[in-house]
Amino acid sequence: MYRANGTQINKSTATSLVAAVSDTDPWVKVSEHLYEGVRADGTDYPPAQRFLKFRKDQVIRTSQLNGCFPAPTVTSIVPATGPAAGNTLVTITGTGFSVGTTVTVGGDAATSVVVENETTLTCRTPAGEAGAENVVVTNDSAAVTKTGGFTYTA
């Protein structure tokens, strides 16, 4: 091994020229092909077409894998009001919805959550008290809160 000026160095000299770096984004090895889906016609869910994103035995940064699973967003909740008894069927639109996505209204779990596609889900509201409540949508990456997203009526 040589320095930039052409001087040959030994292992102990080379070791003195490096410093340990904290690794906050560790490397991981992919154990099987992982695909990214594309909905050509915009209607199929899960996606009808797929493209290889990471190949088997590829070594990637954890952040590269995490980047494939963005936090959800909430654009709208329809209807945005319903009786305090609950059981109102609501449609939530946004992004990042996937299998296992959950919804809470006022801290209580919504029921019958159905992810229709990556941008639409439906669920039934739990019972609550009259007034505006936060709606929280959680996927396996993060949670997003729509402040006062659903209002219970008396």
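To be clear, the structure that these remarks concern was listed above.
These notes cover the structure that comes with them. (Residues numbered from 1 in each chain as written. Predicted model: local features only at pLDDT ≥ 70, side-chain atom pairs only at ≥ 80, totals over all residues. Heavy atoms only, no water.)

1. Quick look at the pairing of strand β13 (residues 143-153)
Thought 1: In terms of strand pairing, strand β6 (residues 81-83) meets β13 through three bridges, oriented parallel. Counted as the bridge partner of Pro83 is Thr153 from β13.
Thought 2: Between strand β12 (residues 131-138) and β13, which follow one another and run antiparallel, lie four residues. (Pairing = 2+ DSSP bridges. Helix = DSSP H or I, 4+ residues; strand = E, 2+ residues; numbered from the N terminus.)

2. Describing the packing of aromatic side chains
Thought 1: Here the structure, examined in full by the defined rule, presents one aromatic pair.
Thought 2: On the basis of an interplanar angle of 75 degrees and a centroid distance of 5.1 Å, the ring pair of Phe150 and Tyr152 is categorised as edge-to-face.
Thought 3: Among the residues examined, Phe150 registers a relative accessible area of 1% and is labelled buried. (Phe/Tyr/Trp six-rings, centres within 6.5 Å; stacked < 30°, edge-to-face > 60°. Buried < 20%, exposed > 50% of the residue type's maximum accessible area, 1.4 Å probe, protein only.)

3. Overview of the pairing of strand β7 (residues 89-95)
Thought 1: The alternating pattern of β7 places Val90, Ile92 and Gly94 on a buried face and Leu89, Thr91, Thr93 and Thr95 on a face that is not buried.
Thought 2: Strand direction decides the pairing type here: strand β5 (residues 73-78) and β7, joined by five bridges, are antiparallel. Opposite Ser76, over in β7, you have Thr93 as the bridge partner.
Thought 3: Where β7 meets strand β11 (residues 120-124), five bridges bridge the pair, whose relative direction is antiparallel. Considered in β11, the bridge of Thr93 is made with Thr120.

4. Quick notes on the environment of Phe150
Thought 1: Mapped onto the elements of the fold, Phe150 is located in strand β13.
Thought 2: A sequence separation of 73 residues divides Phe150 from Ile77, and the C-alpha atoms of the two residues are 7.4 Å apart.
Thought 3: Discounting chain neighbours no more than four positions away, the residues touching Phe150 are Pro79, Ala80, Thr81, Gly82, Thr88, Val90, Val105, Thr125, Gly131, Ala132, Glu133 and Val135. (Contact = heavy atoms within 4.5 Å.)

5. Thoughts on the nonpolar core
Thought 1: Ile92, Val103, Leu121, Cys123, Val135 and Val137 are the most contacted members of the largest nonpolar core, which has 16 residues in total.
Thought 2: Those elements that place two or more of their residues in this core are β5, β7, β8 (102-105), β11, β12 and β13.
Thought 3: Residues within four places of Val137 in sequence aside, it is in contact with Pro72, Val74, Ile92, Phe97, Thr101, Thr102, Val103, Leu121, Ala142, Ala143 and Val144. (Core = buried A, V, L, I, M, F, W, Y, C linked by side-chain atoms within 4.5 Å.)

6. So, the side chain of Thr125
Thought 1: With respect to the helices and strands, the residue Thr125 is situated in the loop between β11 and β12.
Thought 2: Beyond its immediate stretch of four places on either side in the chain, Thr125 contacts Gly86, Asn87, Thr88, Val90, Val105, Phe150 and Tyr152.

7. Observations regarding the environment of Arg3
Thought 1: Its location among the elements puts Arg3 in the segment before α1 (11-16).
Thought 2: What makes Arg3 partly exposed here is its relative accessible area of 40%.
Thought 3: Among all residues touching Arg3, those that are not within four sequence positions of it are Ile9, Thr13 and Leu17.

8. Digging into the sheet that holds β11
Thought 1: Pairing is antiparallel in the open sheet, where four strands are placed in the order β5-β7-β11-β10. Two strands bound the open sheet, and with one partner strand each, they are β5 and β10 (111-117). Across this sheet, the average inter-strand angle for adjacent strands is 20 degrees, counted without regard to direction.
Thought 2: As judged from the four bridges shared by β10 and β11, these two strands associate in the antiparallel manner. (Axes fitted to C-alpha atoms, helices over the stretch in contact; angles between N-to-C directions.)

9. A short note on unusual backbone geometry
Thought 1: A cis geometry characterises the amide bond from Val78 onward to Pro79, with omega recorded as -10 degrees.
Thought 2: One can find Pro79 in the loop between β5 and β6.
Thought 3: The backbone of Asn87 shows a phi angle near 70 degrees, a positive value even though the residue is not glycine.
Thought 4: In this fold, Asn87 is placed in the loop between β6 and β7.
Thought 5: One non-glycine residue with positive phi stands out, namely Ser112, at about 50 degrees.

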